Amino acid sequence: SVLTVACEQTEVLLFDPISSKHIKTLSEAHEDCVNNIRFLDNRLFATCSDDTTIALWDLRKLNTKVCTLHGHTSWVKNIEYDTNTRLLVTSGFDGNVIIWDTNRCTEDGCPHKKFFHTRFLMRMRLTPDCSKMLISTSSGYLLILHDLDLNKSLEVGSYPILRARRTTSSSDITSSGSSSGSSGPRAVGSPCHQNDSGPLSEKHLSRSSQREGGSPRNSLEVLTPEVPGERDRGNCITSLQLHPKGWATLLRCSSNTDDQEWTCVYEFQEGAPVRPVSPRCSLRLTHCIEEANVGRGYIKELCFSPDGRMISSPHGFGIRLLGFDAHCSELVDCLPKEASPLKEIRSLYSHNDVVLTTKFSPTHCQIASGCLSGRVSLYQPKF
């Protein structure tokens, strides 16, 4: 019922998405750029900012914040929410993932603890059932925490490491309570593409740490996702989204030289490796498409439709609606044996600057997009 827009220069805009009427501007929502907005329920939402804070807001009383959360030491880029435990999960360029207990929220904030830390952190997401946490890095790694337990991990100081298809330097990943420093990514306009060195040796990998019937709680898998045309070149995972039914993850990747970008879909493959000696790999590339790399250095946030049948992807001065086939079939009904191109269903262009973000309405046949110059467009596509 409300479209919220995170803006540069401290603002949050609120619109009625049906009438396109401007409802309110929170002109000083933060002291720096607003990066992300997450609704916790029908009235409460959270915003995060480059001012290192998270703010909670109530739609019924927008003149003041419910509270401000302090805990990050650098730009905060992501907000996730576990509706079952009412735990807020945030991540930032300080490399930290922090858990906030909104059950005990006061005007002074919420109790919080550091849950995870990794260098070059870009984006963090929870699967819809909150069984996994995915973290992407500017050095091309994708980290997956399996069988997620946000409460339990506040207490522990280590994560069982699963055998990965490709492994990363052990010095780049530290668990809760670590004092290891972070060399965070640069600004969004020029993400750091530094490659980590040195594989994680065999003695650091847990070969028999799995519980009967699955992985141990909060076990860590480290992957280097396959990106077309990037096998011999590093890449940065700039955008990370999850299929609404938890079947797949959606990545936007850019090359180290910023001359190529790709939108890629990876299916989740559950279970242990077929052979004990074979590398574990929970993701398989199923679909991909090359993107127009307009606005180099800027991150373009893409998304799934509420039913998971389409992808809305920023493309130059507009967006492309992409499907797994020409009929917008379910992913599970058109899984290819080898990676196949995503099908372009429709292109929509109404901006005069580079589109940076797009979002489907969860309740209406409507898509919103926002561009670098600040314009927001609403579409009701007809097929």
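The preceding data block contains the structure.
It should be emphasised that the depicted structure is a prediction, and the values quoted were computed from it without experimental measurement.

## Overview of the overall build of the protein chain
Phase 1 of the analysis: A tally of regular secondary structure across the protein chain gives 0 helices and 28 strands.
Phase 2 of the analysis: Every one of the 383 residues in the protein chain was classed for burial, and the buried ones make up 55%.
Phase 3 of the analysis: The long-range share in the protein chain, meaning contacts at least 24 apart out of those at least 6 apart in sequence, stands at 55%.
Phase 4 of the analysis: Here the protein chain displays about 16900 Å² of accessible surface, and carbon together with sulfur accounts for 47% of that area.

## Quick look at the sheet that holds strand 3 (residues 22-26)
Adjacent strands of a sheet form backbone hydrogen bonds with each other and so pair up, either parallel or antiparallel.
Phase 1 of the analysis: If you trace the 3 strands from one edge of the open sheet to the other, you get 1-2-3, paired in antiparallel fashion. For this open sheet the edge positions go to strand 1 (3-6) and strand 3, each flanked by a neighbour on one side alone. Direction aside, neighbouring strands of the sheet carry axes that sit 15 degrees apart on average.
Phase 2 of the analysis: Pairing geometry for strand 2 (residues 12-15) and strand 3, over 4 bridges, is antiparallel. In the sheet register, Phe15 faces strand 3, and the bridge partner there is His22.

## A word on a nonpolar patch on the surface
Phase 1 of the analysis: On the surface, a nonpolar cluster with roughly 270 Å² of combined accessible area is contributed by Val294, Phe317 and Tyr349.
Phase 2 of the analysis: Relative to the assigned elements, Val294 resides in the loop between strand 20 (283-291) and strand 21 (303-304).
Phase 3 of the analysis: Judged by relative accessible area, Val294 falls into the partly exposed class, the value being 32%.

## Some details on the pattern of salt bridges
Phase 1 of the analysis: Using the criterion set out here, one finds 18 salt bridges in the structure.
Phase 2 of the analysis: Residue Arg252 pairs with Glu291 through a salt bridge whose shortest N-O separation is 3.8 Å. Here the residue Arg252 occupies a position in strand 18 (residues 248-255), and Glu291 occupies one in strand 20, the gap between them amounting to 39 residues. For the residue pair Arg252 and Glu291, the accessibility class agrees, reading buried in each case.
Phase 3 of the analysis: Among the charged side chains, a network of salt bridges with common partners joins Arg252, Glu261, Glu291, Lys300, Arg320 and Glu344.

## Structural notes on the environment of Asp149
Phase 1 of the analysis: Position of Asp149 relative to the elements: it lies in the loop between strand 14 (142-146) and strand 15 (173-175).
Phase 2 of the analysis: On the basis of relative accessible area, Asp149 is assigned to the buried category, the value being 19%.
Phase 3 of the analysis: The spatial distance from the C-alpha of Asp149 to the C-alpha of Arg217 is 6.5 Å, given a sequence separation of 68 residues.
Phase 4 of the analysis: For Asp149, the contacting residues outside a window of four places in its chain are Phe115, Arg217 and Asn218.
Phase 5 of the analysis: In terms of polar contacts, Asp149 uses its side chain to reach the backbone amide nitrogen of Asn151, at 3.2 Å.

## Re the environment of Thr106
Phase 1 of the analysis: On the secondary structure map, Thr106 appears in the loop between strand 10 (96-101) and strand 11 (112-118).
Phase 2 of the analysis: Residues Thr106 and Val66, spaced 40 residues apart in sequence, show a C-alpha to C-alpha distance of 8.2 Å.

Rules used throughout
Residues numbered from 1 in each chain as written. Predicted model: local features only at pLDDT ≥ 70, side-chain atom pairs only at ≥ 80, totals over all residues. Heavy atoms only, no water. Helix = DSSP H or I, 4+ residues; strand = E, 2+ residues; numbered from the N terminus. Buried < 20%, exposed > 50% of the residue type's maximum accessible area, 1.4 Å probe, protein only. Contact = heavy atoms within 4.5 Å. Areas by Shrake-Rupley, 256 points an atom, 1.4 Å probe, with all protein chains shown as cover. Pairing = 2+ DSSP bridges. Axes fitted to C-alpha atoms, helices over the stretch in contact; angles between N-to-C directions. Patch = residues over 30% accessible without salt bridge, like charges linked within 9 Å, V, L, I, M, F, W, Y side chains within 5 Å. Salt bridge = Lys/Arg side-chain N within 4 Å of Asp/Glu carboxyl O. Polar contact = N/O pair within 3.5 Å; in protein donor to acceptor, adjacent residues only side chain to side chain.

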